[in-house]
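Commentary on secondary and tertiary structure
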Amino acid sequence: MVMENEERSELRALIDRISRLNAAEDWGGGLNPTQRAAIAYLSRANRYSRMPSQVADYLSATRGTVSQTLKALARKGLVEERKSQSDRRSVSYAVTAPGLEALQVSTAIDAAVAGLEEKAAAGLAAALKDLLKTALKEREGRSFGICKTCRHHRAGVKGASCALLQVDLAPEETEEVCYEHEAVA
């Protein structure tokens, strides 16, 4: 069943309004919404997905904006820059304890989500995942999925590994967001 134009307009307006409410609540604690989003992403990203270009892709922001955002967060002590051991020109970022603490802000959106009935929350999550998947496909964007849901993830008796990167994974890494994620077909 195809949605009518009026229904699509209403749905788009609701998504836009929720996005704006969420962004408005992300101001505070010395952070702007982009800074908070960068910390949130980095706190969930695996060790292979924390370079500035990857943060930019996830946030759908320019590399210049993200570079300045990460430098500002580093000056505030909320993230730390890490140079690659194999390529000294390459850097990645990790969230510090104060950075994780900055994320511990409860918002009206958090309260509204927590108040949803389990069945409604599951239905909303499924619909939003489908919406995001479709939008990313339209924009030719990356999925940035959870490692254990990737077609390259291998679970074995001795632990998990990534067949694409050819590395062993710690148990907690299988729950982290990966830049290289490819959905299982």
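Residues numbered from 1 in each chain as written. Predicted model: local features only at pLDDT ≥ 70, side-chain atom pairs only at ≥ 80, totals over all residues. Heavy atoms only, no water.

**Thoughts on the side chain of Arg50**
Test applied: Runs of H or I in DSSP of at least four residues are treated as helices and runs of E of at least two as strands, each being numbered from the N terminus. Here the term buried applies to any residue with accessible area under 20% of the maximum for its type, exposed to any over 50%, and partly exposed to those in between, with areas from a 1.4 Å probe on protein chains only. Charge counting treats Lys and Arg as positive and Asp and Glu as negative, with His and both chain ends excluded. Salt bridges are counted wherever a side-chain nitrogen of Lys or Arg sits within 4 Å of a carboxyl oxygen of Asp or Glu. Polar contacts, as counted here, are pairs of nitrogen or oxygen atoms within 3.5 Å of one another; within protein the pair requires one atom able to donate a hydrogen and one able to accept it, and residues that are adjacent in sequence qualify only if both atoms are side-chain atoms.
Looking at the element boundaries, Arg50 is found in the loop between α2 (33-44) and α3 (52-59). Put simply, Arg50 is tucked away with no salt bridge, and the nearest opposite charge, on Glu176, sits 4.2 Å away. Only 3.4 Å separates the side chain of Arg50 from the backbone oxygen of Asn46, close enough to count as a polar contact.

**Quick notes on the domain arrangement of the chain**
Our working rule: Segment limits for the domains were obtained from an automatic or database-derived domain assignment. In this description, contact between two residues means that some pair of their heavy atoms is separated by no more than 4.5 Å. A simple way to read buried area is as the amount of 1.4 Å-probe accessible surface that goes missing from two parts once joined, with both sides added. Charged residues are taken to be Asp, Glu, Lys and Arg, nonpolar residues to be Ala, Val, Leu, Ile, Met, Phe, Trp, Tyr, Cys and Pro, and polar residues to be all remaining types, Gly included.
Domains assigned within the chain are domain 1 (6-105) and domain 2 (142-185). The distance between the C-alpha centroids of domain 1 and domain 2 comes to 22 Å. Each partner contributes residues to the interface: domain 1 has eleven residues there, and domain 2 has eleven residues. Between domain 1 and domain 2 the total buried area reaches about 1,000 Å² when both faces are included, carbon and sulfur atoms providing 55% of it. A per-residue breakdown of the area domain 1 buries against domain 2 is headed by Arg44, Asn46 and Tyr48, which together make up 44% of the total. Taken together, domain 1 and domain 2 are joined by one salt bridge. Here domain 1 and domain 2 share six residue pairs in polar contact (both at pLDDT 80 or more) between them. When residues of the side of domain 1 that touches domain 2 are traced back to their parent elements, those giving at least two are α2 and α3. Looking at the side of domain 1 that touches domain 2 element by element, the count peaks at three residues for α3. Considering only residue class, the side of domain 1 that touches domain 2 consists of four nonpolar, three polar and four charged.

**What to know about a negative patch on the surface**
The cut-off we apply is this: Any residue with relative accessible area above 30% and no salt bridge may belong to a patch, with like charges joined within 9 Å and the nonpolar Val, Leu, Ile, Met, Phe, Trp and Tyr side chains within 5 Å. For the area figures, the Shrake-Rupley method with a 1.4 Å probe applies, and any residue is considered shielded solely by the protein chains shown. Charge placement uses NZ in Lys and CZ in Arg. For Asp and Glu, CG and CD serve respectively.
Taken together, the side chains of Glu4, Glu6, Glu7 and Glu10 define an acidic patch exposed on the protein surface. Among the structural elements, Glu10 can be located in helix α1 (residues 5-25). With a relative accessible area of 47%, Glu10 lands in the partly exposed category.

**Side note on the nonpolar core**
Put simply, the test is: To qualify as a nonpolar core, a set must consist of buried Ala, Val, Leu, Ile, Met, Phe, Trp, Tyr and Cys residues joined through side-chain atoms within 4.5 Å.
With 20 residues, the main nonpolar core has Ile39, Tyr41, Leu42, Leu70, Leu73 and Val79 as its most contacted residues. Of all the elements in the fold, those that place two or more residues in this core are α2, α3, α4 (63-75) and β2 (91-95). Counting residues per element, this core draws most heavily on α2, at four residues. In this structure, this core is formed jointly by two domains, domain 1 (6-105) and domain 2 (142-185), each of which donates at least three residues. With five residues, the next largest nonpolar core counts Cys147, Cys162, Val167 and Leu169 among its residues.

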